[in-house]
Amino acid sequence: MEPTLGHILEALITYEATGDEPVLSSVVVDSREAIRGSLFVALAGENTNGHEFISDAFAKGAIAALVEQAPAAGHARIDLRQFGNKAIDKWDKTLPVLIIVEDSLASLQQAAQAWRAQFNLQVIGITGSVGKSSTKELASSVLGQRYCTFKSPGNRNSIIGLPPALFDLRPEHERAILEMGMYTTGEIVRLCEITEPKIGVVTMIGPVHLERAKTMETIVAAKRELIEALPPDGTAILNRDDDRVMEMADHTNAQIFTYGLDRRADLWADNIQSMGLSGIRFTLHHHDEALTLSVPILGRHSVHTALRATAIGLVENLSWEEIATGLGETTLAEFRLVAVPGPRHSIIIDDTYNSSPASALAALNLRSVGVGRRMAVRGDMWERGWADVDASRRGGRRAADVAKVLIGVGPRAQIIVEEARKIGMPSADVHWVKEATAAIPLLEKMIQKGDAILIKGSLGMRLDRIVSAIGRMD
């Protein structure tokens, strides 16, 4: 079974699909992602209006567009606003077609909710300020040992990004692992209404999206919505090492399963060892059982990712053998933080996708990576609000503690650089540049044999250009 235009119409208005409606190859909100057979959903955003790109989507092969505003002429159209509760009694199947609604985002979510409701599968929702994607990837590897598992693609975790991804669900899927992100309260509530999670995982709570959420209390309340939405026969998997997360236990009717380094957790780890580029080794403890294993993901901080994936496996009644196999089969390429060869036999630790205070500090734990010096290229952390100054100062202190050379990139990274100098990092080893490309000639001069270079910052800083440039150096 694949989604069709008939399924979209059935979800939005009284309509009985005939079975011969066009099949949708994908549902997209970006006209650049449209392919032959797509449904393009035109959204009016803060910076761009998708209605300006309807023709572009059709030119790429989209067969329909869900819109609030229709061009004055051209293209077939079905104006759902005029039908109310009346049924559509005919449609001549002319393509491409404009489906006109009052609210295209609400209609997209409504259609996605109807599509998900057709499948008898168990949904695992993951939220938190850091570690959602890595947990999703590792948990997918674990659950995949027994179940046909769907996972939300990339970072499609918002009220805009996740609904289109749900149209890739198929009857063979037994489990779905979905990231759930937010900017403020009410968004995860809506995602839970759409996806009906039975298991909810919270990674940790930090000052991410403060510029929109304004307060830490708002962030906690927004993340807690996943736990509040779980059914009584569901399970909330909570981080025992984070007090803000543990407070959520009082806000759910679901069962509680805890994980962490705290021995009071239901699942905890000790004997953590970094094996450099080979990953980490640690011992898991659950009740009277203990299991020592290695996982090919970087950094001691990644043990929490492994704990979350293991907790999901245990809650889903997987055996230790299945869990260990799933943890071991993952690859570094599935994670944002990856190691790639650099010039002069150096190692580039590429974490240029995004940045938050907690993830930035965690990434700097890579003490055992490389045989030479440790270098840190730190870009701005966007959308951190009032906590940004303190977080940047902590980043500067941490960089001075673990790195021999520090390069700050961007206006806010000046705070990182200033703090590193303040606590004694030699001025000759600390540099600041305004934008990413300016760091490239500095690195070209400074990189020595065996150095490990961590490159981390928000996606908008485009530090990936540094990775590409120094990766090509002799």
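As shown above, the structure is provided for reference.
Since this is a predicted model, take the numbers as computed values, not measurements.

> Please explain the overall build of the protein as it appears in this structure.
Check the secondary structure of the protein and you find 16 helices and 20 strands. Across the 474 residues of the protein, 57% fall into the buried class. Across the protein, every contact between residues at least 6 apart in sequence was considered, and the portion connecting residues at least 24 apart equals 66%. For the protein, the exposed area adds up to about 19900 Å²; of that, 47% sits on carbon and sulfur atoms.

> What is the right way to look at the pairing of strand β18 (residues 405–409) in this model?
Moving residue by residue along a regular strand, the side chains alternate between the two faces of the sheet. Where burial is concerned, most of β18 is hidden: five out of the five residues are buried. Burial of the side chains of β18 extends over both faces: Val 405, Ile 407 and Val 409 are buried on one face and Leu 406 and Gly 408 on the other. Relative to β18, strand β17 (residues 374–379) runs parallel, the two sharing five bridges. Bridging from a neighbouring strand, Gly 379 pairs with Val 409 of β18. Handedness of the β-α-β unit built from β18, helix α14 (residues 413–422) and strand β19 (residues 430–433) comes out right-handed.

> Hey, could you run me through the environment of Gln 273 in this one?
The topology assignment puts Gln 273 in strand β12 (residues 267–274). On the basis of relative accessibility, which here comes to 44%, the residue Gln 273 falls in the partly exposed class. Between the C-alpha atoms of Gln 273 and Arg 300, which are 27 residues apart in sequence, the distance is 7.0 Å. Residues within four places of Gln 273 in sequence aside, it is in contact with Gly 279, Ile 280, Arg 281 and Arg 300.

> How should I be thinking about the sheet that holds strand β1 (residues 26–28) in this particular structure?
One open sheet accounts for five strands, arranged β1-β2-β3-β5-β4; its pairing is parallel. Strands with a single pairing partner mark the edges of an open sheet, and in this sheet they are β1 and β4 (76–79). Along the sheet, successive strands turn relative to each other by an average axial angle of 20 degrees, direction set aside. Bridge analysis of β4 against strand β5 (residues 97–100) gives four bridges, and the strand direction is parallel. Bridge assignment links Ile 78 to a residue of β5, and that residue is Ile 99. Contacts from helix α1 (residues 5–12) reach β2 (38–41), β3 (64–67), β4 and β5 within the one sheet, and its direction differs from that of β5 by about 15 degrees. The sheet contacts of helix α3 (residues 104–117) involve β1, β2 and β3, and relative to β3 the element is tilted by about 120 degrees.

> Even after reading the chapter, I still don't get helix α6 (residues 187–195), so can you show me in this structure?
Of all the positions in α6, only Glu 187, Ile 188, Leu 191, Cys 192, Ile 194 and Thr 195 are classed as buried. All buried residues of α6 lie within an arc of 160 degrees about the axis, which places them on one face of the element. Tucked inside the fold, the buried residues of α6 contact α3, β6 (122–127), α5 (162–165), β8 (175–179) and α8 (216–228). Phi turns positive, to about 55 degrees, at Glu 196, one or two residues after α6.

Thresholds applied
Residues numbered from 1 in each chain as written. Predicted model: local features only at pLDDT ≥ 70, side-chain atom pairs only at ≥ 80, totals over all residues. Heavy atoms only, no water. Helix = DSSP H or I, 4+ residues; strand = E, 2+ residues; numbered from the N terminus. Buried < 20%, exposed > 50% of the residue type's maximum accessible area, 1.4 Å probe, protein only. Contact = heavy atoms within 4.5 Å. Areas by Shrake-Rupley, 256 points an atom, 1.4 Å probe, with all protein chains shown as cover. Pairing = 2+ DSSP bridges. Right-handed = clockwise from strand over helix to strand, strands pointing away. Axes fitted to C-alpha atoms, helices over the stretch in contact; angles between N-to-C directions. Arc of directions from axis to C-beta.

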